[in-house]
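Residue strings, one per chain:
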Amino acid sequence: MRDASEVAAELRLVVGQLVRRVREDDPMPPGVIAVIGLLGRQGPMTTSELAAARRVRPQSMARTVGQLIDQGLAERGTHPVDGRKAPVSLTAAGLDALEQVRTRRADWLAEAIEDTLSPAERETLAGAVDLVRRLVDWEPSGPGNRT
């Protein structure tokens, strides 16, 4: 039986490969899709908040936001308290683009599962999804232990 560190290294590698494979045929650049996804999950955010969340320079995020606005996928609003802030939100077209990306990725993965795995293996994979979700939700005990 393999120890936890061997499994952890292999799981990290394989999950990363799967994520990259699913994203391979995305129609938009990864940074743009990441921002659309972030706005879809979090709701309106300022350019500075988006930059911090994506760990990029505000100038780089300003360019990405500008592209989204130019393409009609996002729009700037007004902050209810601080007029200097202009939160960015997705337009109906942006929400549609996000849904199309999510659907394409899910469809690709579903087709790969159907074509590659036996019914018993699909059941095993379904159980593994629950296990991975528990890993995602895990919080280390003690202060400062998160790396």
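Note that residues are indexed from 1 along each chain, following the sequence as it is written. Selection of residues for local features in this predicted model requires a pLDDT of at least 70, selection of side-chain atom pairs for listing and counting requires 80 or more, and totals for whole chains, interfaces and linings are taken over all residues. Side-chain numbers here rest on the full set of heavy atoms in the structure, without hydrogens or water.

## Focus: the overall build of the protein chain
To be explicit about the condition: Runs of H or I in DSSP of at least four residues are treated as helices and runs of E of at least two as strands, each being numbered from the N terminus. Contact definition: two residues touch when any of their heavy atoms are within 4.5 Å. Residue burial considers only the protein chains on display, and all accessible areas are found by Shrake-Rupley using a 1.4 Å probe. Neither His nor the chain ends is counted toward charge; the positive residues are Lys and Arg and the negative residues Asp and Glu. Charge positions are represented by NZ for Lys, CZ for Arg, CG for Asp and CD for Glu.
Check the secondary structure of the protein chain and you find six helices and two strands. Start at the N end of the protein chain and walk to the C end: the helices and strands fall as α-α-α-α-β-β-α-α. For the protein chain, the spread of C-alpha atoms along the three principal axes comes to 60 × 45 × 25 Å. Across the protein chain, every contact between residues at least 6 apart in sequence was considered, and the portion connecting residues at least 24 apart equals 46%. Carbon and sulfur atoms make up 55% of the accessible area of the protein chain, which totals about 10700 Å². For the protein chain, the distance from the average site of its 20 positive side-chain charges to the average site of its 21 negative ones is 9 Å.

## Notes on helix 5 (residues 92-116)
Filter applied, for reference: Expected helix span is taken as 1.5 Å per residue step, with the number of steps being one fewer than the number of residues. The classification of residues rests on relative accessible area computed with a 1.4 Å probe and restricted to protein chains. Under 20% of the type maximum is buried, over 50% is exposed, and intermediate values are partly exposed.
Its 25 residues place the ends of helix 5 36 Å apart at the C-alpha level, agreeing with the 36 Å of an ideal helix rising 1.5 Å per residue. Inspection of helix 5 places Gly-94, Ala-97, Leu-98 and Val-101 among the buried residues, and these make up the whole buried set.

## Looking at the side chain of Asp-26
How we decide: Two N or O atoms form a polar contact when they lie within 3.5 Å of each other; inside protein one atom must be a possible hydrogen donor and the other a possible acceptor, and for residues adjacent in sequence the pair counts only when both atoms belong to side chains.
Assignment of secondary structure puts Asp-26 in the loop between helix 1 (4-23) and helix 2 (30-42). A distance of 2.3 Å separates the side chain of Asp-26 from the side chain of Arg-104, its partner in a polar contact. When residues no more than four places from it in sequence are discounted, the contact partners of Asp-26 are Ile-33, Val-101, Arg-104 and Arg-105.

## Quick notes on the packing of helix 2 against helix 4 (residues 58-70)
Note the threshold: Think of each axis as a best-fit line through the C-alpha atoms, taken over the contacting stretch in the case of a helix, with angles from 0 to 180 degrees between the N-to-C directions. Oblique is the label for every angle not falling under 35 degrees (roughly parallel), over 145 degrees (roughly antiparallel), or within 65 to 115 degrees (roughly perpendicular). Residues are grouped as follows: Ala, Val, Leu, Ile, Met, Phe, Trp, Tyr, Cys and Pro are nonpolar; Asp, Glu, Lys and Arg are charged; every other residue, Gly included, is polar.
In the contact formed by helix 2 and helix 4, the axes pass within 10 Å of each other and the chain directions differ by 80 degrees. Classed by the angle they form, the pair helix 2 and helix 4 counts as roughly perpendicular. Facing helix 2, whose interface residues are Gly-31, Val-32, Val-35 and Ile-36, helix 4 presents Met-61, Thr-64, Gln-67 and Leu-68. Its residues placed into classes, the contact of helix 2 with helix 4 shows five nonpolar, three polar and no charged.

## Remarks on unusual backbone geometry
Most peptide bonds adopt trans geometry, and most residues besides glycine take a negative phi value. Phi is positive for Arg-55, which is not a glycine, with a value near 60 degrees. Examined against the element boundaries, Arg-55 turns out to sit in the loop between helix 3 (47-54) and helix 4.

## Structural notes on a positive patch on the surface
The condition that has to hold: Patch membership requires more than 30% relative accessible area and the absence of a salt bridge. Residues of like charge join within 9 Å; the nonpolar side chains Val, Leu, Ile, Met, Phe, Trp and Tyr join within 5 Å. Salt bridge, as used here, is a side-chain nitrogen of Lys or Arg placed within 4 Å of a carboxyl oxygen of Asp or Glu.
The grouping of Arg-23, Arg-41, Arg-54 and Arg-102 at the surface amounts to a positive patch. Its location among the elements puts Arg-23 in helix 1.

## Re the pattern of salt bridges
In total, this model carries six salt bridges according to the counting rule given. Two residues, Glu-10 and Arg-2, come together in a salt bridge whose shortest N-O distance is 2.2 Å. Its relative accessible area of 49% is what places Arg-2 among the partly exposed residues. Two residues, Arg-21 and Glu-24, come together in a salt bridge whose shortest N-O distance is 3.1 Å. Residue classification places Glu-24 among the exposed residues on the basis of a relative accessible area of 52%. One continuous salt-bridge network, built from bridges that share partners, spans Asp-26, Arg-104 and Arg-105.

## Observations regarding the nonpolar core
Applied cut-off: Each nonpolar core is a collection of buried residues, namely Ala, Val, Leu, Ile, Met, Phe, Trp, Tyr and Cys, held together in the definition by side-chain atoms within 4.5 Å.
By size, the foremost hydrophobic cluster in this structure holds 20 residues, and its most contacted members are Met-28, Ile-36, Leu-39, Leu-50 and Leu-68. Mapped by element, the contributors of at least two residues to this core are helix 2, helix 3, helix 4, strand 2 (88-90) and helix 5. The leading source of residues in this core is helix 2, at six residues. Other than its neighbours up to four places away in sequence, Leu-68 contacts Val-32, Val-35, Ile-36, Leu-73 and Ala-74.

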